[in-house]
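A structural walkthrough
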Amino acid sequence: MESKVSRRLTEPVAPEVCEHIYAPRLARDFHAVFAAMTDLNQAHVLMLARCGLIAPEAARTLAAGLLRMEGEGAGAVPLDPEREDSYFNYEAQLIRLIGPDAGGRMHIARSRNDLTSALDRMRARDLLLDAGQALLSVEEHALDGAYRFRDVVMPGYTHLQPAQPVTYGFYLAGVAQALGRDSGRLSDAWARTNLSPLGAGALAGTAFPIDRHGLAASLGFEGLVENALDAVATRDFGLEILAALSQVAVSWSRVAQDYHVLVSHEFQTIEFPDRVTGTSSIMPQKKNPVVLEHLKGKAGQMLGLYVAAASAVKGTHFTNTIDGNRETMRGVWEAGEEGLRCLALFDLVIATARPNAALMRRRVTEDFASATDLADLMVREAGLSFREAHHVVGAVVRAAMDAGLSADGITPAMVDKAAEEQTGRALGLTDDAVRRSLDPGFSVAARTLPGGPAPEAVARSVETAQARLEARRAALVARRTGLQATRDALKRAVRELAA
């Protein structure tokens, strides 16, 4: 027996190779690439016909056969792992339908190498569109919450210790801003992804006078990967997308970590509806944040996929290889699937989280988060340097804690006593001034600069961010509709050729 795909090979593929390499790959990939491979084959046949590289009758037969395969779908193709991969199985089915002469002409002026690279780029651009759309939804919900909760005062934390008063809306506005950068990274990858490697052949191009530019345009590509070797050797666009998705995962994991703390019994400042939580098999009182834990765990998996993909390619030669191309891109597709699932869950988390406004306000009032504002008051009204004021307020906070007082129990007398100990003089601040400086609401309202937590500042930042979001949404829609219009034109041309 001989190989089913080559007369150079005098033996059939070893059963172990079929079982452990080709069969799993076919099961995983064929249905995923069938539509894109059909588009690519149709575009190639149209180009060969335009360039006079196949006879009109062969072109018509090929077009009709490809339309038939498209209509019957991927499920009608018998998959044989002895034929190695998706392309050989696709081609074998076409030859069964239209015969070896016409069917065998479809592969003129190309290789699996440039074909597979093009398929990867077509799948990758779809992933960019889907991930970009999912991320926009999360950002939109974050901005909605930022505006709705811009007056809900809460402690801001550094090192998980109360730091300064902010609002829950301010927190969500910050999350939305980070997500906007994540969205930008995905969008930036489009220009380096949506380029055509077709015409590169195995690695050295082709001597047939094909139309690389026309072929690229018919599939919605915006240009060429010009150098033929680079076109088949490189999957750096996949690593770029995987890196961007990994950064998205880092973002959702950090937010999930924040919520994981805030929903705990010890904090209780954020609440999720029961439908977003789980319970215990033994402890009937439990309400477990399972979605948050899932998101944090999957972020680790996403980072692992990037490391695995980059490791697979780093030791390969600069040419087409299995480890450098197929194994690298397998990590991209897995990360894409997991990333889209996790973005849907992240969207649910952002949309359903509800602040316990009363408890947040009580916590920020009691936990000395406005201490910096008291120091600022001393700088403005008592003429202290900030470092002197810092020392005085530190002594006041220590005295209040020793006396069992919260921040709202601090008095001008306590301030004067600490000031005399630290600077040798009393400050004479009024009771009203001290109380206002320690009022978390006053602290937040005073920070009106761009990017600050004052409600009006948050409202302005939300308005600006929403305008940027709509611009990104319009760009996504334009890319998606552009690809669809190109695909519609391709289908019309194939039907006309077949007729």
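Everything quoted here is computed from the prediction, not taken from an experiment.

Moving on, we come to the pairing of strand S1 (residues 153-158). With six bridges joining them, S1 and strand S2 (residues 161-167) adopt antiparallel strand pairing. Note that in S2 the partner of Met154 across the bridge is Val166.

Often, the extent of an interface is quoted as the loss of accessible area upon association of its parts. Domain annotation of the protein identifies domain 1 (15-108 + 491-498), domain 2 (113-138 + 158-355) and domain 3 (363-438). The gap between the C-alpha centroids of domain 1 and domain 2 is 30 Å. With 19 residues of domain 1 in contact, the opposing surface of domain 2 contributes 17 residues. Overall, the association of domain 1 and domain 2 removes approximately 1500 Å² of surface from exposure, summing both partners, and the carbon and sulfur fraction of that is 74%. Where domain 1 packs against domain 2, one counts one salt bridge. Note that Asp85 and Arg326 form a salt bridge whose closest N and O atoms lie 3.3 Å from each other.

This part covers the environment of Val415. Tracing the backbone shows Val415 in helix H15 (residues 412-423). The contacts of Val415, once residues within four sequence positions are left out, are Leu374, Met378, Val392, Val396, Ile410, Leu427 and Leu429.

Our focus in this paragraph is the pattern of salt bridges. A complete count under the given rule lists 26 salt bridges for this structure. Between Asp39 and Arg487 there is a salt bridge whose closest N-O contact spans 2.6 Å. Here Asp39 is found in helix H1 (residues 15-50), whereas its partner Arg487 is found in helix H18 (residues 455-498), with 448 residues between them in sequence. Here Asp39 falls in the buried class, since its relative accessible area comes to 7%. Here Arg487 falls in the partly exposed class, since its relative accessible area comes to 30%. Note that Arg361 and Asp439 form a salt bridge whose closest N and O atoms lie 3.2 Å from each other. In this pair, Arg361 sits in helix H12 (residues 357-366) while Asp439 sits in the loop between helix H16 (431-437) and helix H17 (440-445), placing the two residues 78 residues apart along the sequence. Since its relative accessible area comes to 35%, Arg361 is described here as partly exposed. Classification of Asp439 as partly exposed rests on a relative accessible area of 30%. Each of the salt bridges in this network shares a partner with another, and the network as a whole consists of Asp39, Glu70, Arg487 and Lys491.

UniProt feature "domain: Argininosuccinate lyase C-terminal" (unreviewed entry): in the numbering of this structure it lies at residues 368-444. Span residues 368-444 is 69% helix and 0% strand, its end C-alpha atoms 14 Å apart.

Now for the nonpolar core. Counting residues in hydrophobic clusters, the biggest one holds 66 residues, and the most contacted among them are Tyr168, Trp252, Tyr259 and Phe346. If you list the elements that add at least two residues to this core, you get helix H5 (112-148), helix H6 (168-193), helix H9 (236-262), helix H10 (290-314), helix H11 (322-352) and H18. Not counting the four nearest positions on each side in its chain, Tyr168 is found in contact with Phe149, Val152, Met154, Tyr259, Ile270, Ala353, Pro355 and Met360. In this structure, Phe34, Leu48, Ala59 and Tyr90 belong to the second largest nonpolar core, which totals 40 residues.

Attention now goes to the packing of H9 against H11. Look at H9 against H11: their axes get within 10 Å of each other, and the N-to-C directions meet at 30°. Put simply, H9 runs roughly parallel to H11. Crossing of H9 over H11 shows left-handed handedness. Of the residues in H11, those in contact with Phe237, Gly238, Leu239, Leu242, Leu245, Val248, Trp252, Val255 and Tyr259 of H9 are Thr328, Met329, Gly331, Val332, Ala335, Gly336, Gly339, Cys342, Leu343, Phe346, Val349 and Ile350. When grouped by side-chain class, the residues that make up the contact of H9 with H11 number 16 nonpolar, five polar and no charged.

A few words now on H1. Between its first and last C-alpha atoms H1 spans 42 Å; for 36 residues at 1.5 Å apiece the expected length is 52 Å, and the helix comes up short by more than 12%. At Phe34, H1 shows its largest bend, some 50°. Just beyond H1, the residue with positive phi is Gly52, at close to 70°.

Conventions adopted
- Residues numbered from 1 in each chain as written.
- Predicted model: local features only at pLDDT ≥ 70, side-chain atom pairs only at ≥ 80, totals over all residues.
- Heavy atoms only, no water.
- Pairing = 2+ DSSP bridges.
- Helix = DSSP H or I, 4+ residues; strand = E, 2+ residues; numbered from the N terminus.
- Domains from an automatic or database assignment.
- Contact = heavy atoms within 4.5 Å.
- Buried area = accessible area lost by both parts, 1.4 Å probe.
- Salt bridge = Lys/Arg side-chain N within 4 Å of Asp/Glu carboxyl O.
- Buried < 20%, exposed > 50% of the residue type's maximum accessible area, 1.4 Å probe, protein only.
- UniProt positions renumbered as here; feature names shortened; annotations may be inferred.
- Core = buried A, V, L, I, M, F, W, Y, C linked by side-chain atoms within 4.5 Å.
- Axes fitted to C-alpha atoms, helices over the stretch in contact; angles between N-to-C directions.
- Parallel < 35°, antiparallel > 145°, perpendicular 65-115°, else oblique.
- Left-handed = near helix turned anticlockwise from the far one by under 90°.
- Nonpolar A, V, L, I, M, F, W, Y, C, P; charged D, E, K, R; others polar.
- Expected span 1.5 Å × (residues − 1).
- Bend = angle between axes of the 7 residues up to and from the residue.

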